[in-house]
Amino acid sequence: MADNGKFVLVADTGDIARAAELRRVKMLATLVLAGCVVVLIIAKAMERVHPGFGFLAAFAEAATIGGLADWYAVVALFRRPLGLPIPHTAIIQQNQHRIADKLGEFIEVHFLSPAPVDAKLREVDFASFISDWLTDPKKSSDLARFVLRLLPEALAAAETSGLKSYFTRRIVTQLQSVDLAPLAAGTLRGFIAEGRHKGMLDDLLQAIHDSINKPETLELIREKIRNELPTLLKFYRADKFLLKRVAASATSFFEEVRSDPQHPFRGEVDRILLTLPDKLANDKTYADRIDGLKRDLLARPELAALTRDIWANVKAFIDRSASGESNVLQHHLANVFLEAGRQLAADSEMRAEINGGIVAVLCSFIADQKSGVSRFIADQVKSWDMKQLINLIEINIGKDLQYIRFNGALIGGLAGVALHTAEVVIKTL
């Protein structure tokens, strides 16, 4: 934690236990050193009594020197021995900034280099984690609720920032750039190839038949005939006679066409429709007409009003869903997330693509930010309270360092015995 701008390290329960063990080992190493001094004094005093005490004195003397030297080395690593300003002591404290810079550089070069980062990231199956997360009904529902809470703010931001008008213009521009003639020609070819135009013709004939036989339609036709007839024929009610003949002829014709799949009229309609796709695709006149119709349609104020109404309705629906008045959208969103998770779990190729994409993005991000990470680590180490840090390091590795003192005393003592033996041998020659 931070304390007055310095990063303070707090020991946990395990560190407290290790500190107690460290004190025990330190005391034992000090007792060994003191024991070597006592043995040295006794052996030196008894050396005249028996030559064997000379070997013991040599061992104790060398062990004392070795123990003192290793005590100095261990203490000098962390602090100044006996508080004296001896050069090249308190090594960690004196080199805090250099250690911090080198540590950051080491992590940047060896841990955050592209090869190990890429290898480590490829060990992680991000897509499986995503699919497992999404297939959990509760998590999908929570995600849907979270998305719904954000949607009203996103829509409001889109309106105030001009994104709405921008996207509207982009959509209109894209629609204006679409060449409808080939599209219409292809659609019409498929429509005819499937024979769907025949059913449409039957429906059209039935609609015309029903319309003609409506009383109001018959009255309009009769009125039209009366206006065109001479006055004499009007007197003899010829309009009624002609109306009946026209209606009967039309009805008979429509019935013949509808009941006869091979009727010549159907063949004529097929011929006209079959030539229309080629005209749409190849005749510039038709293409220009369709393009003009498209421009006129997109320029209609009714289309803009319809767009505004759709936007307002969608926004109102999302606001109601976000406020909890309706849970329909949240339910559908949760189902979408669940289904996406199931499909992702079943599609190994998609998971591989997602993992590859995530790895590429993360590698690029780490490559761009690793210098910042290096500086962050170095700055953090520089901000540590070194006294507490040294105490913490000593607690965790100090026990092993204390065994260096034991080893120093033992190896020093053995070396002293060896040298004393050599001295005795030389004197006897």
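Residues numbered from 1 in each chain as written. Predicted model: local features only at pLDDT ≥ 70, side-chain atom pairs only at ≥ 80, totals over all residues. Heavy atoms only, no water.

## Examining the overall build of the protein
The test is simple: Under the DSSP-based scheme used, a helix requires at least four consecutive residues in state H or I and a strand at least two consecutive residues in state E, with every element numbered from the N terminus. Three exposure classes are used, based on accessible area relative to the maximum for each residue type with a 1.4 Å probe and protein chains only: buried under 20%, partly exposed in between, and exposed over 50%. Residue contacts are defined here by distance: any two heavy atoms, one from each residue, within 4.5 Å place the two residues in contact. Areas reported here follow the Shrake-Rupley algorithm with a probe of radius 1.4 Å; residue values treat only the protein chains shown as occluding.
Scanning the protein for helices and strands turns up 19 helices and two strands. In the protein, buried positions account for 27% of the 429 residues. For the protein, restricting intrachain contacts to residue pairs at least 6 apart in sequence, the fraction spanning at least 24 positions comes to 72%. Split by element, the accessible area of the protein, about 28400 Å² in all, is 64% carbon and sulfur.

## A few points about the side chain of Gln402
Relative to the helices and strands, Gln402 resides in helix α19 (residues 386-428). Other than its neighbours up to four places away in sequence, Gln402 contacts Leu22, Val25, Lys26, Ala29 and Val74.

## What to know about the UniProt feature "transmembrane region" (unreviewed entry) in the protein
Filter applied, for reference: UniProt positions are given in the numbering used here, feature names are shortened, and annotations may be inferred rather than shown by experiment.
Under the UniProt annotation, "transmembrane region" (unreviewed entry) lies at residues 28-46 and 52-78. Taken end to end, residues 28-46 is 100% helix and 0% strand, and its first and last C-alpha atoms sit 26 Å apart. For residues 52-78, the end-to-end C-alpha separation is 40 Å, with 100% helix and 0% strand making up the annotated structure.

## Some points on the nonpolar core
Put simply, the rule is: In plain words, nonpolar cores are sets of buried Ala, Val, Leu, Ile, Met, Phe, Trp, Tyr and Cys residues tied together by side-chain atoms within 4.5 Å.
Counting nine residues, the largest nonpolar core consists of Leu134, Ala144, Leu148, Leu155, Ile318, Leu329, Leu333, Ala334 and Phe337. Residue assignment for this core shows that the elements contributing at least two residues are α7 (137-160) and α17 (328-346). Ranked by residue count, the leading element in this core is α17, at four residues. Setting aside residues up to four positions removed in sequence, Leu329 forms contacts with Leu148, Phe317, Ile318 and Ser321.

## Some thoughts on the packing of helix α2 (residues 52-78) against α19
The condition is simple: The axes used here are C-alpha line fits, helices contributing only the stretch in contact, and every angle between their N-to-C directions lies in the interval 0 to 180 degrees. Under this scheme an angle from 65 to 115 degrees is roughly perpendicular, one under 35 degrees roughly parallel, and one over 145 degrees roughly antiparallel; angles in between are oblique. Handedness of each helix crossing follows the sense of rotation of the near helix against the far helix: counterclockwise by less than a right angle gives left-handed, clockwise gives right-handed. Put simply, Ala, Val, Leu, Ile, Met, Phe, Trp, Tyr, Cys and Pro go in the nonpolar bin, Asp, Glu, Lys and Arg in the charged bin, and everything else, Gly too, in the polar bin.
At a minimum axis separation of 6 Å, α2 and α19 run at an interaxial angle of 155°. With respect to α19, the element α2 is oriented roughly antiparallel. In this structure, α2 crosses over α19, and the sense of that crossing is right-handed. Residue composition of the contact of α2 with α19, by class: 18 nonpolar, 10 polar and three charged.

## Things to note about the environment of Ile130
Here Ile130 lies in helix α6 (residues 126-134). Look at Ile130 and you get partly exposed, because its relative accessible area is 31%. In this structure, the C-alpha to C-alpha distance between Ile130 and Ala340, residues 210 residues apart in sequence, is 9.7 Å.

## A look at the packing of helix α1 (residues 13-46) against α2
One way to put it is that α1 packs onto α2 with a least axis distance of 8 Å and a crossing angle of 150°. Between α1 and α2, the angle falls in the class roughly antiparallel. The element α1 and its partner α2 pack so that their crossing is left-handed. Here Leu33, Cys36, Val37, Val39, Leu40, Ala43, Lys44 and Met46 of α1 come into contact with α2, specifically with Phe53, Leu56, Ala57, Ala60, Glu61, Ala63, Thr64, Gly67 and Leu68. A class-by-class count of the residues in the contact of α1 with α2 yields 13 nonpolar, two polar and two charged.

## A look at the environment of Gln96
Position of Gln96 among the secondary structure elements: in helix α4 (residues 96-111). When the C-alpha positions of Gln96 and Ser383 are compared, they lie 9.5 Å apart, and in sequence the two are 287 residues distant. What Gln96 contacts, discounting residues up to four positions off in sequence, is Val381, Lys382, Ser383, Trp384 and Met386.

## A few points about the side chain of Asn355
Quick reminder of the rule: Polar contact criterion, stated in full: a pair of N or O atoms within 3.5 Å, where within protein one must be able to donate a hydrogen and the other to accept it, and residues adjacent in sequence count only if both atoms are side-chain atoms.
Mapped onto the fold, Asn355 is located in helix α18 (residues 348-383). Within the local environment of Asn355, its side chain forms a polar contact with the side chain of Asp125, the two groups lying 2.9 Å apart. Beyond its immediate sequence surroundings of up to four residues, Asn355 is in contact with Val124, Asp125, Phe126 and Ala127.

## With respect to the confidence of the model for the protein
The condition is simple: Values of pLDDT, ranging from 0 to 100, describe the predictor's confidence in every residue of the model.
With 84% of its residues at a pLDDT of 70 or more, the protein has an overall mean of 78. Per-residue pLDDT, averaged within each element of the protein, yields its smallest value for helix α12 (residues 231-235) (44) and its largest for α6 (91). Every residue in residues 1-8 is under pLDDT 50, and counting partners more than four places away or in other chains gives 16 contacts. Taken together, the stretch residues 232-236 has pLDDT below 50 and engages in three contacts with residues farther than four places along the chain or on a different chain.

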